[in-house]
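# Residue-level structural notes
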Amino acid sequence: MLDIYTISEFAKKIGISEHTLRYYEKEGLIEPFRDEHNYRLYGKEDIEWATFIIKLKNTGISLKEIKTYTQLRKIGDATITARKELLLKHRSKILAEYEKVQNHLHLLDNKISLYEELEEKYNQ
């Protein structure tokens, strides 16, 4: 038997609301198949794809970039390089943010160390 899910089962399985799932569908990110009553149905490959979309979104990538990635994916293997470039560009953004946060942590760590030294002197 194939693993087929209704919209409520699918939303629960991937951890988002039905409303969000419908929005993703409206934006062209997810395309369920429809049964004879026009009900949305999702399969295992939809779970893998939706989970990837959610993980991408959690990296801070824009919805516009996810839509571009999705469109490129639909075109097929001829877009592998373009998809890789899109991810590399986003990776660069994340690295820049990471470096910025590291600098903030360094500043805070230095100040905390100074206060620890001052506390030690004060408590003697």
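This structure is a prediction, so every number in the text was calculated from the model and none was measured.

## Digging into the packing of helix H3 (residues 44–58) against helix H4 (residues 63–75)
Packing of H3 against H4 brings their axes to within 11 Å, and their N-to-C directions diverge by 145°. Seen along the crossing, H3 lies across H4 with a hand that is right-handed. Within the contact between the two elements, H3 uses Trp49, Phe52, Ile53, Leu56 and Lys57 and H4 uses Ile66, Tyr69, Thr70 and Arg73. Here the contact of H3 with H4 is built from residues that sort into six nonpolar, one polar and two charged.

## A short note on the environment of Leu21
Among the secondary structure elements, Leu21 is positioned in helix H2 (residues 18–26). The class for Leu21 is buried, based on a relative accessible area of 0%. With ten residues separating them along the chain, Leu21 and Ala11 place their C-alpha atoms 6.6 Å apart. If sequence neighbours within four positions are ignored, Leu21 has contacts with Ile7, Phe10, Ala11, Ile14, Ile16, Ile30 and Tyr42.

Rules of the game
For every chain, the first residue of its written sequence is number 1, and the numbers climb from 1 along that sequence. Reporting of local features is limited, given that this is a predicted model, to residues whose pLDDT is at least 70; pairs of side-chain atoms are given and counted only at 80 or more, and all residues count toward the totals for whole chains, interfaces and linings. Hydrogens and water are ignored here; the side-chain numbers use all heavy atoms of the structure. Only the contacting stretch of a helix is used when fitting its axis, a line to C-alpha atoms as for every element, and angles between N-to-C directions run 0 to 180 degrees. Only DSSP runs of H or I with at least four residues qualify as helices, and only runs of E with at least two residues qualify as strands; both kinds are numbered from the N terminus onward. Crossings are classed by handedness, with left-handed meaning an anticlockwise turn of the near helix from the far one by less than a right angle and right-handed meaning a clockwise turn. Whether two residues are in contact is decided by their heavy atoms, any of which lying within 4.5 Å being enough. Under the scheme applied here, ten amino acids are nonpolar (Ala, Val, Leu, Ile, Met, Phe, Trp, Tyr, Cys and Pro), four are charged (Asp, Glu, Lys and Arg), and all others, including Gly, are polar. A simple rule labels every residue: compare its accessible area, found with a 1.4 Å probe on the protein chains alone, to the largest value its type can have, and call it buried under 20%, exposed over 50%, or partly exposed in between.

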